[in-house]
Amino acid sequence: MKSHNYFVYITTNPNKTVLYVGMTNDLVYRLEQHKANRGKPETFAGRYFCYKLLYYERYTYVQHAIDREKVLKSWSRDKKMELIKSENPYLRFLKADP
């Protein structure tokens, strides 16, 4: 049986002033899309240049990832920052390494 991977992730802009929460089954490809869309006003991530990865979680089941994304999106910026800093205390930009 094939194992599935789904990712909930948080990106930011180069100045770390905006956070974007998303979900995907291909983190590397999704980050490439965000980078290609930077500066494009049609999407939130594009409009605010959110293509730098700060945090991600991996899930086997899509519904778990969807549920977690909804939870994270409902959080305040401060709570999201606490989560990010629990794994990435210096807010370094990560490489997608699923």
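Structure's up top.
From a predicted model like this one, the values you see are computed outputs, not experimental measurements. The residue count restarts for each chain, going from 1 along the sequence in the order it is written. In keeping with the model being predicted, local features are shown solely for residues with a pLDDT of at least 70 and side-chain atom pairs are shown and tallied solely at 80 or more, while totals for entire chains, interfaces and linings include all residues. Where side-chain values are given, they derive from all heavy atoms of the structure, hydrogens and water being excluded.

Peer 1: Before we move on, could you go through the sheet that holds strand 1 (residues 6–12) and cite the residues and values that matter?
Peer 2: Criterion used throughout: strands pair if DSSP finds at least two bridges between them. Numbering of helices and strands runs from the N terminus, with a helix taken as a DSSP run of H or I at least four residues long and a strand as a DSSP run of E at least two residues long. Spatial ordering of the open sheet is given by 2-1-3, a layout of three strands whose pairing is antiparallel. Single-partner strands in this sheet number two, and they are strand 2 (19–24) and strand 3 (52–59). Taken pair by pair, the neighbouring strands of this sheet meet at an average axis angle of 20°, ignoring direction. In terms of strand pairing, strand 1 meets strand 3 through seven bridges, oriented antiparallel. Paired with Tyr9 across the strands is Tyr56, a residue of strand 3. Every residue pair with non-hydrogen atoms within 4.5 Å of one another is taken to be in contact. In this analysis, axes come from line fits to C-alpha atoms, helices being fitted only over the stretch in contact, and the angle between any two N-to-C directions falls in the range 0 to 180 degrees. In the packing of helix 3 (residues 62–74) onto the sheet, contacts are made with strand 1, strand 2 and strand 3, and the angle to strand 2 comes to roughly 170°.

Peer 1: Tell me about the side chain of Asn88, residues and numbers included.
Peer 2: Among the structural elements, Asn88 can be located in the segment after helix 4 (77–87). N or O atoms within 3.5 Å of each other form a polar contact, as long as, within protein, one can give a hydrogen and the other can take it, and as long as residues adjacent in sequence are counted only when both atoms are side-chain atoms. One polar contact links the side chain of Asn88 to the main-chain carbonyl oxygen of Arg92, over a distance of 2.7 Å. Those residues within four positions of Asn88 in sequence are excluded, and the remaining contacts are Leu54 and Leu94.

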